[in-house]
Amino acid sequence: MTNFPRANFVRRLAAMVYDVLVAVAVGMVAALLMILVLMILFQNNWIDRQGFEHMNELIQASGLYTYLIQGWVVFWVCLFFMWFWKNGGQTIGMRAWRLKIQSTTDQPMTYPRIFLRMLVSLLGLGNILVLFDVKHRLSLQDRICKTEVITLTKKANHHKSWKTLDS
C-alpha cells in the first residue's frame, strides 16, 4: 500500500471514457469471433438451421443465439477489466490518467474480490459517491471491497515501478 492521493471524480470519469472505448473494441472482436464460429457451424449443418437460409436470420429469430453472443461479449469485457486490475491495478484508461486500484488492507487483489468490485460498481455509477465524499474520495465499490483508486505521479506510473508499489 502506498501513500498517493485518492483519485477525484473527474479523473475517474476520464479514465472510464478511455476504457469504454477499449471495452467496445474488445466486445466487437469477441462478437465477431462468436458469430464467425456460429456461421461455420451453420454452413456445415452442425447446428440446426430451423428453416433459415442465413445465419443472421437465425440469430435474430432465436433468443438463444442472441443471448449466447451477448453473454460471450460480456464475459470477455469483464475478463478484460479483471485481468488489468489483477495485473498491475490499471486498465488502459487508468494508465493514461495515472490511476491505480490498490487494496486498503493487507488482503491481496484476488479475482473474486475484483469481480465483486466490478459488480457493485453498477457500471461505473458507484463512482458518483466520490462527488459527495469529498474528504475520503471513496466510491461505492471502494467501500465494499476495501480498495481505493489513487493518483500516481508520472514516475510511479511507469510500468517498471509497479512491483515496487505493490510491495
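Each remark here, short or long, concerns the structure printed above.
So, a few notes on the structure that sits alongside this text. On a predicted model such as this, the values are computed, not experimentally measured, just so you know. (Residues numbered from 1 in each chain as written. Predicted model: local features only at pLDDT ≥ 70, side-chain atom pairs only at ≥ 80, totals over all residues. Heavy atoms only, no water.)

What about the overall build of the protein chain?
In step 1: Of the regular secondary structure elements, the protein chain holds eight helices and two strands.
In step 2: When the helices and strands of the protein chain are listed from N to C terminus, the series reads α-α-α-α-β-α-α-α-β-α.
In step 3: Taking 167 residues into account, the globule formula puts the C-alpha radius of gyration at 15 Å, and the protein chain, at 20 Å, lies well above it.
In step 4: The C-alpha extent of the protein chain, read off along each of the three principal axes, is 65 × 35 × 25 Å.
In step 5: The buried share of the protein chain, taken over its 167 residues, is 40%.
In step 6: When contacts within the protein chain are restricted to residue pairs at least 6 apart in sequence, long-range pairs at least 24 apart make up 67% of them.
In step 7: Split by element, the accessible area of the protein chain, about 10,300 Å² in all, is 69% carbon and sulfur. (Helix = DSSP H or I, 4+ residues; strand = E, 2+ residues; numbered from the N terminus. Rg over C-alpha atoms; globule rule 2.2 N^0.38 Å. Buried < 20%, exposed > 50% of the residue type's maximum accessible area, 1.4 Å probe, protein only. Contact = heavy atoms within 4.5 Å. Areas by Shrake-Rupley, 256 points an atom, 1.4 Å probe, with all protein chains shown as cover.)

Here's the deal with the packing of aromatic side chains
In step 1: Going through the model one piece at a time under the given rule, you end up with eight aromatic pairs.
In step 2: Pairing Phe 75 with Trp 76 gives two aromatic rings, centres 5.5 Å apart and planes at 80°, and the pair type is edge-to-face.
In step 3: Judged by relative accessible area, which is 44%, Phe 75 ranks as partly exposed.
In step 4: In this structure an aromatic cluster arises from ring pairing among Phe 80, Phe 81, Trp 83, Phe 84 and Trp 85.
In step 5: Its end group placed over the ring of Phe 42, Arg 49 keeps NZ or CZ at 4.2 Å from the ring centre. (Phe/Tyr/Trp six-rings, centres within 6.5 Å; stacked < 30°, edge-to-face > 60°. Lys NZ or Arg CZ within 6 Å of the ring centre and 35° of its normal.)

Thoughts on the packing of helix H1 (residues 9-43) against helix H3 (residues 63-86)
For any two helices packed against each other, one specifies the inter-axial angle together with the distance between the axes.
In step 1: For the pair H1 and H3, the least separation of the axes is 8 Å and the interaxial angle reads 140°. Relative to H3, H1 is oriented oblique. Note on packing geometry: the crossing formed by H1 with H3 is right-handed. Where H1 approaches H3, its residues Asp 19, Val 22, Ala 23, Val 26, Gly 27, Ala 30, Ala 31, Met 34, Ile 35 and Leu 38 are matched on the opposing element by Tyr 65, Leu 68, Ile 69, Trp 72, Val 73, Trp 76, Val 77, Phe 80 and Phe 81.
In step 2: Classifying every residue of the contact of H1 with H3 by side-chain character gives 17 nonpolar, one polar and one charged. (Axes fitted to C-alpha atoms, helices over the stretch in contact; angles between N-to-C directions. Parallel < 35°, antiparallel > 145°, perpendicular 65-115°, else oblique. Left-handed = near helix turned anticlockwise from the far one by under 90°. Nonpolar A, V, L, I, M, F, W, Y, C, P; charged D, E, K, R; others polar.)

Some thoughts on the environment of Thr 104
In step 1: Within the secondary structure, Thr 104 is located in the loop between strand S1 (99-103) and helix H5 (111-120).
In step 2: In the structure, Thr 104 is positioned 20 residues away from Gly 124 in sequence and 20 Å away in space, judged by C-alpha atoms.

Quick look at the pairing of S1
In step 1: The buried fraction of S1 is high, at five of five residues.
In step 2: Side chains of S1 alternate between two faces, with Leu 99, Ile 101 and Ser 103 and Lys 100 and Gln 102 buried alike.
In step 3: Summarising the sheet, S1 and strand S2 (residues 147-151) pair through five bridges and their orientation is antiparallel. If you follow Ile 101 over to S2, its bridge partner there is Val 149. (Pairing = 2+ DSSP bridges.)

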